[in-house]
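# Residue-level structure breakdown
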Amino acid sequence: MVATKKTKKAHENINSKLALVMKSGKYTLGYKTTIKSIRTNKGKFIIIANNCPPLRRSEIEYYAMLAKVGVHHFNGNNVDLGTACGKYYRVSCLSIVDPGDSDIIKTVSGDQ
């Protein structure tokens, strides 16, 4: 019972930090722009939905590993990730270029 409360709180924490990034930072939504931001070394942190196709996920992880960029696997599907971003469409992956006022890179990287 305690573990579910902790994971729910962590999930809400990520959502609130993500909302702050959407407000004050810079980001790219989608597979193509995420890959592009990793290749140009602009992406600082990558978030992938849990129902992202395996080949696409492994490709993003591989590029992120080469660029030494952190990757977080979001605990919801692409609809949940889109809602967490404040969008009305699905988002399978996103790249945070500039976190703005949020400290999402430090906190999420420290949890894993």
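A few points on the structure.

Each value, and the rule that gives it
- Residues numbered from 1 in each chain as written.
- Predicted model: local features only at pLDDT ≥ 70, side-chain atom pairs only at ≥ 80, totals over all residues.
- Heavy atoms only, no water.
- Pairing = 2+ DSSP bridges.
- Helix = DSSP H or I, 4+ residues; strand = E, 2+ residues; numbered from the N terminus.
- Axes fitted to C-alpha atoms, helices over the stretch in contact; angles between N-to-C directions.
- Contact = heavy atoms within 4.5 Å.
- Buried < 20%, exposed > 50% of the residue type's maximum accessible area, 1.4 Å probe, protein only.
- Right-handed = clockwise from strand over helix to strand, strands pointing away.
- Disulfide = S-S within 2.5 Å.
- Core = buried A, V, L, I, M, F, W, Y, C linked by side-chain atoms within 4.5 Å.

### Some words on the sheet that holds strand 4 (residues 93–98)
Taking strand neighbours across the sheet as the criterion, the four strands line up as 1-4-2-3 in an open arrangement whose pairing is mixed. Either end of the sheet is taken by a strand with one partner, and the two such strands are strand 1 (26–29) and strand 3 (70–73). When the angles between neighbouring strand axes are averaged without regard to direction, this sheet yields 20°. In the sheet, strand 2 (residues 45–48) pairs with strand 4 via four bridges, with the strands oriented antiparallel. Looking at the pairing, Phe 45 lines up with Ile 96 of strand 4. Sheet strands in contact with helix 2 (residues 31–39) are strand 1, strand 2 and strand 4, and its direction is about 40° off that of strand 4.

### A look at the side chain of Thr 34
Tracing the sequence through the fold places Thr 34 in helix 2. Overall, the relative accessible area of 0% leaves Thr 34 in the buried class. Among residues more than four places away in sequence, those in contact with Thr 34 are Thr 28, Ile 46, Cys 93, Leu 94 and Ser 95.

### A look at the pairing of strand 3
With four bridges joining them, strand 2 and strand 3 adopt parallel strand pairing. Of the residues in strand 3, the one forming a bridge with Ile 46 is Val 71. Note that the unit made of strand 2, helix 3 (residues 54–67) and strand 3 has a crossover that is right-handed.

### Looking at the environment of Asn 75
Mapped onto the elements, Asn 75 comes out in the loop between strand 3 and helix 4 (78–84). The spatial distance from the C-alpha of Asn 75 to the C-alpha of Asn 51 is 9.5 Å, given a sequence separation of 24 residues.

### What about the state of the cysteines?
Chemically, a disulfide is nothing more than a covalent bond linking the sulfur atoms of two cysteines. What the rule picks out here adds up to zero disulfides. No disulfide involves Cys 52; its sulfur sits 5.4 Å from that of Cys 93, the nearest cysteine. The exposure class of Cys 52 is buried, given its relative accessible area of 4%.

### Quick word on the nonpolar core
One finds Leu 18, Ile 47, Phe 74, Leu 81, Leu 94, Ile 96 and Ile 104 to be the most contacted residues of the largest nonpolar core, which totals 16 residues. At the level of elements, helix 1 (2–24), strand 2, helix 4, strand 4 and helix 5 (104–111) are the ones that each hand at least two residues to this core. Apart from the residues lying within four places of it in its own chain, the contact partners of Leu 81 are Leu 18, Ile 47, Ile 48, Ala 49, Phe 74, Val 91, Ser 92, Cys 93 and Leu 94.

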